[in-house]
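The primary structure of each chain is shown beneath.
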Amino acid sequence: MESKGTRIGVVVRVRPFLNKELKSGCTNDRIEVNSDDKTITVFSDQKQQKRFEFDEVFDESISQEVLYNQLKLDNLIKKVIEGYNATIFAYGPTGSGKTYTMEGYDYDKNLKPVLRDELKLGLIPRLVKNLFEEIKKAPKHIEYTVYCTYIQIYKENIYDLLNPAQIKPPGLKLRWNQQEEFYVENLFMHPCYSANEVLNHYNSGLKNRITSSHNANTTSSRSHSLLTLNIEAMDSETGSILTSRLQLVDLAGSEKVSQTGNEGSALKESIEINKALFTLRQVISTLASMRDGEASFVPYRDSKLTSLLKPSIGGNSYCLMIACIAPLDSFFDDNLSTLAYATKAACISNEPIKNIDPKTKVIKELRKEVKRLNFELKLANQQIMMLTEIVNLDPKEQATRLKEVEKLPMKAENLTRIQNLRSNIESMSPSSPLKWQSQTAYSKFSDAEFSDFSLSPEILSEKLYDSVKMIRDLMNSNKKLKDVVSDLTQQKRALEAENIQLQNENQDLQEKMEALENIVKGKGNSSKINSEIWMLQKEREGLIKRIELLEKENKTTNVVPINKGEWGWKSKRTVLRGRKHIDTVKPLSVVVSDRHYDPRNTIGRVTPKAVYRPLTQDYPIDMSKQEAINTLSQILMKGMPY
Ligand SMILES: Nc1ncnc2c1ncn2[C@@H]1O[C@H](COP(=O)(O)OP(=O)(O)OP(=O)(O)O)[C@@H](O)[C@H]1O
Ligand SMILES: [Mg+2]
């Protein structure tokens, strides 16, 4: 099932005045909100006015709960459960209420989120709860797993908010592949089976998000955050797998230095935030100005944010933009710009596509085939029954009954098959009574179309046999597919367990690294480490010395020239046989190489006087020439004596 050309939904929310704004005498003479006719009118200094119309417009009186219900987000959740991707993103200037709308938490003195009032909960916690309520309603044979990821894009770097090891620079890499388009590499994906599990991850991730204060907002998000829920539904009865994605985005707001008063590093943050939002606006403008079927370059790749939002804006997801504005006159320019881009976004068409697992497609096709064959089988059975009755009747009655056979529903494809049957009958022996009966029946047909309908019970039963066999085969392959799916389920569980274990190991390693860093920085006891380093250095020096000695030895010893071909990849025995003249060469010295006798891998040498032991770097045995040759033979036969 595909629904084409679904417009991005755009709604506007105007936040109320904050206490401090009321106290300082802020006013609203510039914006008029009309929720009934879903319009917002803005007035310029010169009293010119511009009216904007949206899917919904919410004034400052609207509560979080009413907002959720009026947006009909439960319908969106149903779509996600059906296998469609969906994105909700909040857009607007700094301090306009994006985070309030998406999260709804309060922030303590340390700028960490705290839940003080359940009624203030934003769209994200509500959507998560709603998602799991819908999952609960699903039939028992469908098993759902929700994989949760949470990232922030801060100064064009991507950080995994759910992995403490990845919240510092350099961050994670953005990759691209043809199936998934853009994706974040090495991102933690937490399998969750309840709303609480997702919300626990979300809350711990929120604590890692970068928030700071400036003149326009005491709890300003300094990064764009993307919470993604990948939903996987596995049907244990049919073996089908359905996947979908719900992406919930809280953008950082566009900022003006005049409003924020930011300086230094905060100013740099503002510049980066504005850069990514600039690209987002460019993407929106390009898509909005494109005519149907027109190809145009859309600068998705210009920022990480737009790369990751590609499927949501102008792609294959359902998408809802919540444009947030503040009622203050000082927000006039930002509000006007936000409303203009929201209007443009409303012109963008996405093409939501239901994600179907390729296996599910095959199963569907097989089912269709089984259904068709069942239908044919039913027809064939009817025909056989009637014909069996006809065979024993007198010719007159046969003619009447055959007319009834004629009335059986017959598809064009069946007619072709019947033609084939007829040619089979023609090949039957003329003395066959069945052939005679079929021909009698055939001659009584008056209708030209059915004159091809050869009525041999023998052939029909053969056909019937084939059909039954085919159905059986299909059922078997269906069963096999189910087995494969159940195997996959088990594998998936094992992988999940492994994943969690790896994550834990990763965590341990991270902790160890941090501990080591601390020691190196002098925070911990460094004497043990120093002595280890000293030992390693000594070991290294020893190794270097040994290498030097070996090289020296290599240069000074007279080596029997060895034909490369002779050494190359031969067995020890062959090499020994090939060098029988060894005791006649003077002075004698033979390279003893590794077990493949590759001269490049030389590891030692034997002379008539001594056997050099590279490991101890000495010539411990003072041997006679004959003894040395015996030792050499042994080495060549058995390998080095260590
Ligand atoms: N609908 C609302 N009702 C009550 N208070 C609100 C509402 N919307 C926003 N606020 C308050 O306004 C202030 C700014 O809101 P918020 O932090 O959500 O803005 P923002 O758009 O996320 O800003 P930034 O882009 O800087 O992150 C907060 O103190 C928040 O509690
Ligand atoms: Mg915010």
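Being a predicted model, the structure only gives us computed values, none of them experimental.

Rules used throughout
Residues numbered from 1 in each chain as written. Chains lettered and ligands numbered in written order. Predicted model: local features only at pLDDT ≥ 70, side-chain atom pairs only at ≥ 80, totals over all residues. Heavy atoms only, no water. Donors = N, O, S within 2.8 Å, 3.2 Å for Na, K, Ca; no water. Helix = DSSP H or I, 4+ residues; strand = E, 2+ residues; numbered from the N terminus. Buried < 20%, exposed > 50% of the residue type's maximum accessible area, 1.4 Å probe, protein only. Salt bridge = Lys/Arg side-chain N within 4 Å of Asp/Glu carboxyl O. Core = buried A, V, L, I, M, F, W, Y, C linked by side-chain atoms within 4.5 Å. UniProt positions renumbered as here; feature names shortened; annotations may be inferred. 1 Å grid on protein atoms, 1.4 Å probe; cavity = no way out; pocket = protein on both sides within 12 Å on 5 of 7 lines; lining within 4 Å. Contact = heavy atoms within 4.5 Å. Near = heavy atom within 4 Å. Polar contact = N/O pair within 3.5 Å; in protein donor to acceptor, adjacent residues only side chain to side chain. Areas by Shrake-Rupley, 256 points an atom, 1.4 Å probe, with all protein chains shown as cover. Pairing = 2+ DSSP bridges. Axes fitted to C-alpha atoms, helices over the stretch in contact; angles between N-to-C directions. Points joined across faces, edges and corners; volume = space filled by probe spheres on them. Nonpolar A, V, L, I, M, F, W, Y, C, P; charged D, E, K, R; others polar. Expected span 1.5 Å × (residues − 1).

**Student:** Looking at this structure, I do not really get the coordination of the magnesium ion (ligand 2). What am I missing?
**Tutor:** Reference values for coordination geometry: four tetrahedral donors around a metal ideally subtend 109.5 degrees, six octahedral donors ideally subtend 90 or 180 degrees. Taken together, Thr-99 (OG1) and Ser-221 (OG) make up the protein donors of the magnesium ion (ligand 2), found 1.9 to 2.1 Å from the metal. Within this pair, whereas Thr-99 is found in helix α4 (residues 98-102), its partner Ser-221 is found in strand β16 (residues 217-221), the two being separated by 122 residues in sequence. The same class applies to Thr-99 as to Ser-221, namely buried.

**Student:** What am I meant to see in the pattern of salt bridges here?
**Tutor:** Once their charged atoms are close, side chains differing in charge can pair, the charge on each being opposite to the other. Under the criterion given, the structure shown has 15 salt bridges. Across the pair Arg-175 and Glu-185 runs a salt bridge, and its minimum N-O distance is 3.0 Å. Taken as a pair, Arg-175 in strand β12 (residues 174-177) and Glu-185 in the loop between β13 (181-184) and β14 (190-192) lie far apart in primary sequence, ten residues in all. Between Arg-209 and Asp-250 there is a salt bridge; the shortest N-O distance is 2.7 Å. A residue pair is termed long-range when its members are at least 10 positions apart, and Arg-209 in the loop between α6 (195-208) and β15 (211-214) and Asp-250 in strand β18 (residues 241-250) qualify at 41 residues. Exposure remark for Arg-209: the relative accessible area of 5% places this residue in the buried category.

**Student:** Hey, could you run me through the nonpolar core in this one?
**Tutor:** As a rule of thumb, nonpolar side chains are buried together in soluble globular proteins. One finds Leu-71, Leu-73, Ile-88, Leu-123, Leu-131 and Leu-229 to be the most contacted residues of the largest nonpolar core, which totals 48 residues. Top element by residues in this core is helix α5 (residues 123-137). It accounts for seven residues. Grouped together as the second largest cluster of nonpolar side chains are 45 residues, Ile-31, Leu-172, Leu-305 and Leu-309 included.

**Student:** Would you mind going over the UniProt feature "binding site: ATP" (unreviewed entry) in the protein with me for this structure?
**Tutor:** The sites that UniProt annotates as "binding site: ATP" (unreviewed entry) are Gly-92, Pro-93, Thr-94, Gly-95, Ser-96, Gly-97, Lys-98 and Thr-99. Looking only at the residues we just named, the second largest pocket is lined by Thr-94, Gly-95, Ser-96, Gly-97, Lys-98 and Thr-99. Other than its neighbours up to four places away in sequence, Thr-94 contacts His-214, Ala-216, Asn-217, Ser-220, Gly-253, Ser-254, Glu-255, Thr-260 and Phe-331. Here Gly-97 lies in the loop between β7 (86-91) and α4. If sequence neighbours within four positions are ignored, Gly-97 has contacts with Arg-15 and Cys-324.

**Student:** How should I be thinking about the site of ligand 1 in this particular structure?
**Tutor:** Close contacts around ligand 1 come from 18 residues, with Thr-94, Lys-98, Thr-99, Tyr-100 and Ser-220 the closest. Side-chain polar atom of Ser-220 to an oxygen atom of ligand 1: 2.5 Å apart, as the coordinates give it. Burial of ligand 1 by the surrounding chains reaches 85%, relative to a free accessible area of 620 Å². Looking at the shell around ligand 1, the elements that each hand over two or more residues are α4 and β16. Among the elements that make up the shell around ligand 1, the one with the highest residue count is β16 (four residues).

**Student:** Can you help me understand the sheet that holds strand β3 (residues 31-34) in this one?
**Tutor:** Hydrogen bonds between backbone atoms are what pair the strands of a sheet, whose relative direction is either parallel or antiparallel. On the basis of which strands lie adjacent, the open sheet formed by three strands has the order β3-β4-β5 and antiparallel pairing. The open sheet has two edge strands, β3 and β5 (49-53), and neither has a second partner. Averaged over neighbouring strand pairs, the angle between their axes works out to 15° when direction is ignored. Examined bridge by bridge, strand β4 (residues 39-43) and β5 share five bridges and lie antiparallel to one another. Residue pairing for β5: Thr-41 is matched across the bridge by Arg-51. In the packing of helix α10 (residues 332-345) onto the sheet, contacts are made with β3, β4 and β5, and the angle to β4 comes to roughly 140°.

**Student:** What is the right way to read the layout of surface pockets from this model?
**Tutor:** Leftover empty space is mapped by rolling, across the atoms, a probe with the size of a water molecule. Space inside the second largest pocket adds up to approximately 940 Å³. Surrounding the second largest pocket, 44 residues form its lining, Arg-15, Leu-18, Gly-95, Asn-217 and Thr-219 being those nearest its centre. Those elements that place two or more of their residues in the lining of the second largest pocket are α1 (19-23), α4, β8 (106-107) and β16. Considering every element that reaches the lining of the second largest pocket, the biggest residue donor is β16, with five residues. Here the lining of the second largest pocket is built from residues that sort into 14 nonpolar, 20 polar and ten charged.

**Student:** What exactly am I supposed to notice about helix α8 (residues 264-289) here?
**Tutor:** Residues separated by three or four positions in an α-helix point in the same direction, a consequence of the helix having 3.6 residues per turn. Spanning 26 residues, α8 covers 37 Å between terminal C-alpha atoms, matching the ideal 38 Å at 1.5 Å per step. Of all the positions in α8, only Glu-269, Ser-270, Ile-273, Ala-276, Leu-277, Thr-279, Leu-280, Arg-281, Val-283, Ile-284, Thr-286 and Leu-287 are classed as buried.

**Student:** Any chance you could explain α10 here in plain terms?
**Tutor:** Taking 1.5 Å of rise per residue, 14 residues should cover 20 Å, and α10 covers 20 Å from first to last C-alpha, within 8% of that figure. Those residues of α10 lying buried are Phe-332, Asp-334, Asn-335, Thr-338, Leu-339, Tyr-341, Ala-342 and Ala-345.

**Student:** I'm lost on empty space enclosed by the protein in this one. Help?
**Tutor:** Within this structure, the stated rule accounts for four cavities of 30 Å³ or more. In this structure, the second largest cavity spans a volume of roughly 60 Å³. Lining the second largest cavity are Ile-153, Tyr-154, Lys-155, Glu-156, Arg-222, His-224, Glu-269, Glu-272, Ile-273 and Ala-276. No other element matches the four residues that α8 contributes to the lining of the second largest cavity. Class assignment for the residues of the lining of the second largest cavity results in four nonpolar, one polar and five charged.

**Student:** Explain the pairing of β7 to me, please; I cannot follow it from the model alone.
**Tutor:** Where burial is concerned, most of β7 is hidden: six out of the six residues are buried. Residues Ala-86, Ile-88 and Ala-90 point to one face of β7 and Thr-87, Phe-89 and Tyr-91 to the other, with burial holding for every one of them. The pairing of β7 with strand β19 (residues 318-325) spans six bridges and is classified as parallel. Of the residues in β19, the one forming a bridge with Phe-89 is Met-321.

**Student:** What's the story with the pairing of strand β2 (residues 9-14) in this structure? I'm lost.
**Tutor:** The side chains of a regular strand alternate between the sheet's two faces. Counted residue by residue, β2 has six buried out of six residues, so it is predominantly covered. With burial as the criterion, each face of β2 is covered, one bearing Gly-9, Val-11 and Arg-13 and the other bearing Val-10, Val-12 and Val-14. Note: β2 against β19, six bridges, orientation parallel. Bridge pairing in β19 places Gly-9 opposite Leu-320. In this structure, β2 lies alongside strand β6 (residues 56-58), joined through three bridges in parallel fashion. Note on β6: the bridge partner recorded for Val-11 is Glu-56.

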